[in-house]
Amino acid sequence: MSKEIKTIGVLTSGGDAPGMNAAIRAVVRKAISNGVKVKGIKKGYLGLLNEEIVDMERKSVSDIIQTGGTILGTARCLEFKEPEVQARGAEICRKHGIDGLVVIGGDGSYRGAQALARNGINTVGIPGTIDLDIACTEYTIGFDTAINTAMEAIDKVRDTSSSHERCSIIEVMGRDAGYIALWTGVANGAEDILLPEKYDYNEQAIINNIIENRKRGKTHHIIINAEGIGHSTSMAKRIEAATGIETRATILGYLQRGGHPTCKDRFYASIMGAYAADILCQGKSNRVVAYTHGEFVDFDIEEALSMKKYINEYQYEIGKRLSQ
Ligand code: ADP
Ligand code: F6P
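Residues numbered from 1 in each chain as written. Chains lettered and ligands numbered in written order. Predicted model: local features only at pLDDT ≥ 70, side-chain atom pairs only at ≥ 80, totals over all residues. Heavy atoms only, no water.

**Quick word on the overall build of the protein chain**
Short version of the rule: In this text, helices come from DSSP runs of H or I with a minimum length of four residues, and strands from runs of E with a minimum of two, each type numbered from the N-terminal end. As defined in this context, the radius of gyration uses C-alpha atoms, and a globule is described by 2.2 Å times the residue total to the power 0.38. With residues, only the protein chains shown are counted as cover, and all accessible areas are computed by Shrake-Rupley using a 1.4 Å probe.
If you tally the helices and strands in the protein chain, you get eleven helices and eleven strands. The globule rule puts the C-alpha radius of gyration for 324 residues at 20 Å, and the 22 Å found for the protein chain is close to it. Taking the principal axes of the C-alpha coordinates as reference, the protein chain spans close to 70 × 35 × 35 Å. As displayed, the protein chain has an accessible area near 14,200 Å², and 50% of this comes from carbon and sulfur atoms.

As structure tokens, this is what we get:
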């Protein structure tokens, strides 16, 4: 028989993402409407270990649906990978009367949730990352805002790039995952899109492409480079030396992680937050909320973490073809 849930906790972990606040709001308000108390845990697993735990009411989440960042704060807490530290985390949950926990974050945060579940705390994860790199779900909270922010910035760089007939390398976030690069590359009509999953380090092919495009009369050449490949500034210098075309690097950086969440991020965050609160209140544990084939669903964390996600070949090829 599943244990009765009286109080749940909620935390955000890993890199922040626009829409996390909308998810926190949904968790808090849905749990309260289910008759369950809610506690907010600050700064992810670090705040749990430091017992930075506050009571949350409906009003605690007023006026946050539209804001970027996370009102709870977030952290990367490497010591939470240690089994004895995880057991201490579960003990702290019990001490504060927390029977279940919603963890908003990425794959790494799910592993922490899985560890707490092993230690007797019911847990449910919600996909919160701008990277879209969680295999079990077609959507992660923050991705839509990040790509729209990046897209608008790239449009601006393109204007000046065309005016000066320059080549521009624009670096977008994604250490291991190229989804932001792929989506903005296609949406901004980039001439080259470099993804960590795909790039073969054949810089000569890029140089040839720039020269060919210039011969065809293109006034700009936009290269979207993912953070995981990096080295945009030195790449720009080499490309300029090889092509004779002025080449500049722009690193978009953290502006992609902030700002008001888009409607899409607020909507997904609200539904996923409410869904997580509901299944936790029903006594489910070791689950993650996901969006697949037009439905909100949940998976076992183990199963979710064993899934693999790949860059779609067709989309990648199309991205290259359309800008020729
Ligand atoms: P994300 O959740 O976005 O993937 P990280 O990989 O940085 O981001 O993970 C966020 C946090 O989750 C880590 O700082 C750590 O506290 C926790 N975490 C990551 N990996 C594990 C693990 N293997 N076991 C327990 N906790 C983990
Ligand atoms: O996971 C989100 C993300 O912004 C990645 O795109 C990026 O590689 C990473 O976080 C950067 O993390 P940090 O701010 O901890 O260096």
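From this point, things continue past the structure.
**Brief notes about the environment of S13**
Here is the rule we go by: Between two residues, a contact is recorded if the distance between any of their heavy atoms is within 4.5 Å.
The topology assignment puts S13 in the loop between strand 1 (7-12) and helix 1 (20-33). Taking the C-alpha atoms as reference points, S13 and E84, separated by 71 residues in sequence, lie 19 Å from one another. Beyond its immediate stretch of four places on either side in the chain, S13 contacts M20, G44, Y45, T74, A75, I104, G105 and S109.

**Topic: helix 6 (residues 179-187)**
In plain terms, the rule: Throughout this description, buried means an accessible area under 20% of the type-specific maximum (1.4 Å probe, protein chains only), exposed means over 50%, and partly exposed covers the range between.
Along helix 6, the positions that sit buried rather than exposed are Y179, I180, A181, L182, T184 and G185. The elements touched by buried residues of helix 6 are helix 5 (143-163), strand 6 (167-172), strand 7 (192-194), strand 8 (221-226) and helix 11 (313-322). Of the residues one or two after helix 6, G189 is the one with positive phi, at around 65 degrees.

**Description of the site of ligand 2**
This is how the line gets drawn: Any residue with a heavy atom positioned within 4 Å of a molecule or strand is treated as near that molecule or strand. Think of a polar contact as two N or O atoms within 3.5 Å of one another; within protein, one of them needs to be a possible hydrogen donor and the other a possible acceptor, and neighboring residues in sequence only count if both atoms come from side chains. Computed over the protein atoms alone on a 1 Å grid, cavities are sets of points where a 1.4 Å probe fits but cannot get out and pockets are open sets with protein on both sides within 12 Å along at least five of seven lines; a residue lines them when it has an atom within 4 Å of a point. Criterion for pocket placement: a molecule counts as inside a cavity or pocket if more than half of its atoms are within 2 Å of its grid points. Throughout, the ten residues Ala, Val, Leu, Ile, Met, Phe, Trp, Tyr, Cys and Pro are labelled nonpolar, Asp, Glu, Lys and Arg are labelled charged, and all others, Gly among them, are labelled polar.
Close to ligand 2 lie R76, T129, I130, D131, M173, G174, R175, E227, Y254 and R257, which account for all nearby residues. Between an oxygen atom of ligand 2 and a side-chain N or O atom of Y254, the distance comes to 2.8 Å. For ligand 2, the accessible surface in isolation is 400 Å², of which the surrounding protein chains cover 81%. The site holding ligand 2 turns out to be the largest pocket. Grouping the constituent residues of the shell around ligand 2 by class yields three nonpolar, two polar and five charged.

**What to know about the site of ligand 1**
Taken together, 14 residues lie around ligand 1, and R76, C77, G106, G108 and S109 are the ones closest in. At a separation of 2.8 Å, an oxygen atom of ligand 1 approaches a polar side-chain atom of R76. The separation between an oxygen atom of ligand 1 and a polar main-chain atom of D107 is 3.4 Å. Here ligand 1, which alone exposes 550 Å², has 80% of that area covered by the protein.

**Points about the pattern of salt bridges**
The line we're drawing: Salt bridge criterion: a side-chain nitrogen from Lys or Arg within 4 Å of a carboxyl oxygen from Asp or Glu.
Considering all chains together, one arrives at 17 salt bridges under this definition. One salt bridge connects K30 with D278, and the closest N-O pair in it is separated by 2.9 Å. Within this pair, whereas K30 is found in helix 1, its partner D278 is found in helix 9 (residues 263-281), the two being separated by 248 residues in sequence. Accessibility expressed as a relative area gives 23% for D278, which makes it partly exposed. Across the pair R238 and E203 runs a salt bridge whose closest N-O atoms are separated by 2.7 Å. Within this pair, whereas R238 is found in helix 8 (residues 232-243), its partner E203 is found in helix 7 (residues 203-215), the two being separated by 35 residues in sequence. The network of salt bridges with common partners includes R166, E246 and R248.

**Focus on the sheet that holds strand 2 (residues 37-41)**
What counts here: Two strands are said to pair when DSSP picks up at least two bridges between them. Lines fitted to the C-alpha atoms define the axes, with helices restricted to the stretch that makes contact. Angles between their N-to-C directions range from 0 to 180 degrees.
Strand order in this open sheet of seven strands is 3-2-1-4-5-10-11, and the pairing throughout is mixed. Looking at the sheet topology across the chains shown, the edges are occupied by strand 3 (53-56) and strand 11 (295-300). The mean inter-strand angle of the sheet, taken between neighbouring strand axes irrespective of direction, is 30 degrees. Note that strand 1 and strand 2 share four bridges and pair parallel. Bridged to T7 within strand 2 is K37. Packing of helix 4 (residues 107-118) onto the sheet brings it into contact with strand 4 (100-105), strand 5 (122-127) and strand 10 (287-292), and relative to strand 5 it is tilted by some 170 degrees.

**Let's talk about the domain arrangement of the protein chain**
What counts is decided by this rule: Domain segmentation is taken from an automatic or database assignment of domains. When two parts are put together, the accessible area they lose, computed with a 1.4 Å probe and summed over both, is reported as buried area.
Entries for the protein chain in the domain assignment read domain 1 (7-142 + 261-306) and domain 2 (145-257). For domain 1 versus domain 2, the distance between C-alpha centres works out to 35 Å. Listed as interface residues are 13 residues of domain 1 and, on the opposing side, twelve residues of domain 2. Overall, the association of domain 1 and domain 2 removes approximately 960 Å² of surface from exposure, summing both partners, and the carbon and sulfur fraction of that is 56%.

**Brief notes about the side chain of S323**
Structurally, S323 is set in the segment after helix 11. Of the residues examined, S323 reaches a relative accessible area of 6% and is grouped as buried. Reaching out from S323, the side chain makes a polar contact with the backbone oxygen of A190 at a distance of 2.8 Å. Setting aside residues no more than four positions away along its own chain, S323 makes contact with G189, A190, E191, N213 and K218.

**Focus on the nonpolar core**
The tendency in soluble globular proteins is for nonpolar side chains to be buried side by side. So the rule is basically this: As used here, the term nonpolar core means buried Ala, Val, Leu, Ile, Met, Phe, Trp, Tyr and Cys residues forming a set that is joined through side-chain atoms within 4.5 Å.
With 60 residues, the main nonpolar core has I8, V10 and V102 as its most contacted residues. Counting residues per element, this core draws most heavily on helix 9, which supplies eight residues. For this core, the two domains that each supply at least three residues are domain 1 (7-142 + 261-306) and domain 2 (145-257).

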